Amino acid sequence: FVVVSGSGEAEERLRKLAERRICSCDDPGSEGTDLQYVDIQIAIVEIQARHTSTDKILQDALLTFPHIEENAAHPIVFFDERMEKSLQREDKIMKVLRDVIGGKDEISFYLEYQPKLDLNKSRIIGFEALARLRIDQLGQIPPDEFIALAEKKLLINELGNHILQLAADFLGRMQGQGIEDITVAVNISGIQLLREGFVEYLQRAPYLSGRILQAMEFEITESVLLEHYEQINETLEQIKRMGIAVSLDDFGTGFSSLSTIGELHIDTVKIDRFFISRISRLPDQDLITSDIISMAHKIGLLVVAEGVEDERQEAYLRKHGCDIIQGYLISRPLAEQDAVAFLRDYNDSEREQ
Ligand code: C2E
Ligand code: MG
Ligand code: MG
């Protein structure tokens, strides 16, 4: 239904009007024998000069509905120009991502690689691949934003496959240059893991040869395990059987206890940055991080610390037996050429020492 109100109504009065409409529907109609409940949501749009047709007004109303807050007392929302801006931004990002997947745009989307340092060997043993998106009018888009959007718009499976291929190609180029024993970790969305046919896709993908699979690692976040533990664990078992290592990302932020992790088909836990950043603030009392390390070791897992930014953190992690560290202290995520140069410099200079 559309209700048109006279000009210049104050926001508060409009809200009251809307609330009354909603309340008048709280009582299910008692006509006949079946009670009919009606759910109402109200979007309020101020008609302005740019609304040159009813369609334009309705369009604004439609893009306002998704902004209704889930737990609001009344499902009422006012149109705001920022909503239109954010929709335009989403549309633009989605268009570029579709072009990227369709092979029409090879520039906007790329991967950066952040080195991982093995504390025992004092060598760079691999990289984490991190997705990057740069759009002319919008600048750099944070991965948290475009990955979440791709998940929402059901584009993550195709985008995820594209990312896998870019990472595999990078591994192939390194192996072609004689760089062996270096792993590349790819972040995998929970939606990809839950998709039927994901493992079959991996088995058939022409770019995933045996040598590539052996050097590849998947990072999965803890939060996806919450609802689909059994199903995901089965998929992880199949993935590991293919030779891909599996790492539990952002560990400590989700629900899992070390006991459930004992049954998970993973090789590594990555302790979330939150725990690492605590170390410099509470260096001596910080038992949690050292406990996580020793308990993970007891169940046979490797431990990576992410977000290591200063030497104090490194010293603490070294002292408590953490296996691998990653973070700005070692290096920021790098473009491919810089990543390879960094790897060569670091490992060669270690050999000389
Ligand atoms: P993540 O997998 O936990 O990646 C680590 C994030 O921490 C990255 O942020 C990295 O740039 C940042 N980081 C690394 N070292 C430090 C440090 O020392 N200090 C601080 N403050 N930050 C550090 P980024 O690149 O913005 O990625 C954010 C998240 O987006 C990732 O978290 C991951 O969940 C997701 N993501 C990134 N690339 C992909 C991808 O290809 N696929 C999927 N599904 N998700 C991705
Ligand atoms: Mg990760
Ligand atoms: Mg992480």
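Residues numbered from 1 in each chain as written. Chains lettered and ligands numbered in written order. Predicted model: local features only at pLDDT ≥ 70, side-chain atom pairs only at ≥ 80, totals over all residues. Heavy atoms only, no water.

On to the coordination of the magnesium ion (ligand 2), then. Protein ligation of the magnesium ion (ligand 2) involves Glu 128 (OE), Asn 187 (OD1), Glu 219 (OE) and Asp 249 (OD), the donor distances falling in the range 2.0 to 2.3 Å. The motif formed by the donor residues of the magnesium ion (ligand 2), counted along the single chain, is E-x58-N-x31-E-x29-D. Taken as a pair, the magnesium ion (ligand 2) and the magnesium ion (ligand 3) lie 4.1 Å from each other and share Asp 249 as a ligand. With Asn 187 in strand S6 (residues 183–187) and Asp 249 in strand S8 (residues 245–251), this pair connects stretches of sequence that are 62 residues apart. Using a relative accessible area of 29% as the deciding quantity, one classes Asn 187 as partly exposed. (Donors = N, O, S within 2.8 Å, 3.2 Å for Na, K, Ca; no water. Helix = DSSP H or I, 4+ residues; strand = E, 2+ residues; numbered from the N terminus. Buried < 20%, exposed > 50% of the residue type's maximum accessible area, 1.4 Å probe, protein only.)

Attention shifts here to the coordination of the magnesium ion (ligand 3). The protein atoms that coordinate the magnesium ion (ligand 3) are Asp 249 (OD), Asp 250 (OD), Glu 306 (OE) and Glu 306 (OE), at distances of 2.1 to 2.5 Å. Sequence spacing among the residues donating to the magnesium ion (ligand 3) works out to D-D-x55-E. With a relative accessible area of 5%, Asp 249 lands in the buried category. Judged by relative accessible area, Asp 250 falls into the partly exposed class, the value being 24%.

Owing to its 3.6 residues per turn, the α-helix brings residues three or four apart onto one side. For helix H5 (residues 156–176), spanning 21 residues, the distance from its first C-alpha to its last is 30 Å, which sits close to the expected 30 Å at 1.5 Å a residue. Gly 178 sits one or two positions beyond H5 and adopts a positive phi of about 80°. (Expected span 1.5 Å × (residues − 1).)

With that out of the way, let us pick up a nonpolar patch on the surface. On the surface, Val 2, Val 4, Ile 47 and Leu 58 cluster together into a nonpolar patch covering about 400 Å² of accessible area. Positionally, Val 2 belongs in the segment before helix H1 (11–24). The exposed category is assigned to Val 2, whose relative accessible area is 63%. (Patch = residues over 30% accessible without salt bridge, like charges linked within 9 Å, V, L, I, M, F, W, Y side chains within 5 Å. Areas by Shrake-Rupley, 256 points an atom, 1.4 Å probe, with all protein chains shown as cover. Salt bridge = Lys/Arg side-chain N within 4 Å of Asp/Glu carboxyl O.)

What follows covers the pairing of strand S10 (residues 302–306). Counting buried positions along S10 yields four of five residues, so the element is predominantly enclosed. With helix H13 (residues 311–319) bridging S10 and the parallel strand S11 (residues 324–326), this β-α-β connection has right-handed handedness. (Right-handed = clockwise from strand over helix to strand, strands pointing away.)

Turning next to the pairing of strand S4 (residues 123–135). Within S4, 11 of the 13 residues are buried, which leaves the element mostly enclosed by the surrounding structure. What sits between the antiparallel neighbours strand S3 (residues 109–118) and S4 is a turn of four residues, in which Ser 122 has the positive phi angle 50°. With four bridges joining them, S4 and S6 adopt parallel strand pairing. In the strand pairing of S6, Gly 126 is matched with Thr 183. Of the strand pairs in this sheet, S4 and strand S5 (residues 139–141) are connected by three bridges, and their pairing is antiparallel. When the sheet's bridge partners are listed, Arg 134 is paired in S5 with Gln 140. Connecting the antiparallel pair S4 and S5 is a turn made up of three residues. (Pairing = 2+ DSSP bridges.)

Purely geometric numbers; function is a separate question.
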